[in-house]
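# A look at the structure
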Amino acid sequence: MQGQGGEVRAPYREFCDWFDGEDPARIHRKAQQAEAFFRTIGITFNVYGADGGDERLIPFDVVPRIIAAGEWRRLARGIEQRVRALNAFLHDIYHRQEILRAGRVPTDLVARNDAFLPMMMGMDPPGGVYTHISGIDIVRTGADEFYVLEDNARTPSGVSYMLENRETMLQMFPELFARVAVREVGDYPINLLKSLSACAPPACKGTPTVAVLTPGIHNSAYFEHSFLADQMGAELVEGHDLRVVAGRIAMRTTQGYRPIDVLYRRVDDDYLDPLNFRPDSLLGVPGIWDVYRAGGITIANAPGTGIADDKALYSYMPDIIEFYTGEKALLPNVPTWRCSDPDHLREVLDRLPELVVKEVHGSGGYGMLVGPAASKKEIAAFRAKLEANPGNYIAQPTLSLSTVPIFTKAGLAPRHVDLRPFVLMSPQGLTITPGGLTRVAMTRGSLVVNSSQGGGTKDTWVLED
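Residues numbered from 1 in each chain as written. Predicted model: local features only at pLDDT ≥ 70, side-chain atom pairs only at ≥ 80, totals over all residues. Heavy atoms only, no water.

Under the annotation held in an unreviewed UniProt entry, the protein chain carries the name Putative circularly permuted ATP-grasp superfamily protein and is attributed to Sphingopyxis panaciterrulae.

What follows is the structure in structure tokens.
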């Protein structure tokens, strides 16, 4: 919010004028009302392995994170370039594998990757789209410095919090939106429905029927699944609601089984079809894979897309972008050591107390080490993990992340944040929602923003020109 000299940066000036004229007690009451609102409508998430209650509220901060129009244009260009390159990479590795032949990405990194799905070889998903919904995690390290922290192309989550955060701010502080011209995010559900419908399979006749496949109420993101289905006007279904009927996937209704054209699945590949993948899965639909291969249904995101989330593959994204677009990456990667490389591993082990180490398939802040914040015992334990299975980890420097203010009892205080913009892809083009999910480390000095690790969220404002 403040520049190097302590002056308020231009995007925040109108907000600061408003904030300085407000009674802190009123803002505190509004923050309590927001928390009560989140609790009433059930905006919760589950923490796997947590002691005590499973469901938690994500802390919500009432001070918005504000991004200037010019900054957003620059980010949007880099995000679009990256998502297009990811989709081209996925098509290539499941077809001619030109990037592997050219030696730009090691063959073993793909062939031996658990997320690579050989059954997708030669498959053309409807419309040629693999990454229907993407979330690109971005951090800021300076006035004009942005880095991509990781790519989320399997089943990116968090968009419901982006939408509910905005709705809450509109209810709590309508006068603010009269003063500040903020771009809309509330049209995301209708854009999602349009984008998914545009990817309908060859078997679709007429208006596509879209459904959201959820693992059920015990999934950590169940609120989001039900929320998005409701907002789109789509059906929310579980595996036992679906079956193969006349070569189509059909859902149970009060009037019999009705065919589905597009299934927005929030179930991992392994659990999609017990006949073709894990036979013990109770979450998927027996036979859906065969219907998919025959062009009877669109699965979003496409099976096999999860390899794009791999953190070892992430380190090759500058090469991937240049290979498919002919351009340098507009948004740079964070420098990354691949621990599968003996030289990289040696350096990481020497510098463990100062680095961040992550599992290549990890998510949600689990299975990672933040060296500067770790105890000697934690570092020693992680060192043993690294030495036992180095290929399972990557390491990155601890970045000097930018901070944004949160509202505390003592007033405004700085906290570290990241940003997850959401991208929709269809044969008709890309749609990037102006904003995204800002996750904030609520603990002073912490760099971990994940909700499962105590992080919170705030509304993200992209200003109109």
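### Remarks on the sheet that holds strand β9 (residues 248-253)
What links the strands of a sheet is backbone hydrogen bonding, and the strands pair in either a parallel or an antiparallel sense. Our working definition: Pairing between two strands is assigned when DSSP locates at least 2 bridges connecting them. Each helix is a run of DSSP H or I of at least 4 residues and each strand a run of E of at least 2, with the numbering of both proceeding from the N terminus. Between the N-to-C directions of two axes lies an angle of 0 to 180 degrees, each axis being a line fitted to C-alpha atoms and, for a helix, fitted only over the stretch in contact.
With antiparallel pairing, 3 strands are arranged side by side in an open sheet as β8-β9-β10. Of all the strands in the sheet, just β8 (242-245) and β10 (256-259) have a single pairing partner and so form its edges. On average, adjacent strands in this sheet sit at an angle of 45° to one another, irrespective of strand direction.

### Focus: the pairing of strand β6 (residues 210-213)
Here is the rule we go by: Each residue is assigned to one of three classes by its accessible area relative to the maximum for its type, calculated with a 1.4 Å probe on protein chains only: buried under 20%, partly exposed between the two thresholds, exposed over 50%. Seen with its strands pointing away from the viewer, a crossover is right-handed if its path from the first strand over the helix to the second goes clockwise.
Side chains V210 and V212 project from β6 onto one buried face, and the interleaved A211 and L213 project onto a second face that is buried too. Note: β6 against strand β11 (residues 262-265), 4 bridges, orientation parallel. Bridging from a neighbouring strand, L213 pairs with R265 of β11. Where β6 lies against strand β7 (residues 235-237), 3 bridges are found, and the strand directions are parallel. Across the sheet, L213 pairs through a bridge with V237, a residue of β7. This β-α-β element, β6 to helix α9 (residues 222-232) to β7, shows right-handed connectivity.

### Things to note about the sheet that holds β7
Note the following rule: The contact definition used throughout considers only heavy atoms, calling two residues in contact when any of these lie within 4.5 Å.
One open sheet holds the 4 strands; their spatial order is β7-β6-β11-β12, and the pairing between them is parallel. The sheet terminates laterally at β7 and β12 (298-300), the two strands that pair on one side only. Pairwise comparison of adjacent strand axes, ignoring direction, gives a mean angle of 25° for this sheet. In this fold α9 packs onto β6, β7 and β11, with an angle of close to 150° to the strand it touches most, β7.

### Some points on the environment of A181
You can see A181 is positioned in the loop between α7 (174-179) and α8 (188-197). Sequence separation of A181 and Q4 is 177 residues, and the distance between their C-alpha atoms is 25 Å. In this structure, A181 is in contact with V462, L463 and E464, ignoring residues within four places of it in sequence.

### A short note on the domain arrangement of the protein chain
We apply this condition: These domain boundaries are the output of an automatic or database domain assignment.
Here the protein chain is partitioned into domain 1 (10-75 + 136-184 + 400-462), domain 2 (202-296) and domain 3 (335-397). Here the C-alpha centre of domain 3 lies 28 Å away from the C-alpha centre of domain 1.

### Here we look at unusual backbone geometry
A negative phi angle is the norm for most residues apart from glycine, just as the trans form is the norm for most peptide bonds. Cis rather than trans, the peptide bond between A300 and N301 has omega equal to -10°. Tracing the backbone through its elements, the reader meets N301 in the loop between β12 and α11 (311-314). Positive phi values are uncommon outside glycine, yet Q97 reaches one of about 60°. Take Q97: it is sitting in the loop between α3 (69-93) and α4 (98-101). Using a relative accessible area of 22% as the deciding quantity, one classes Q97 as partly exposed. At A246, a position not held by glycine, the phi torsion is positive, near 55°. Mapped onto the secondary structure, A246 falls in the loop between β8 and β9. Judged by its relative accessible area of 79%, A246 is exposed.

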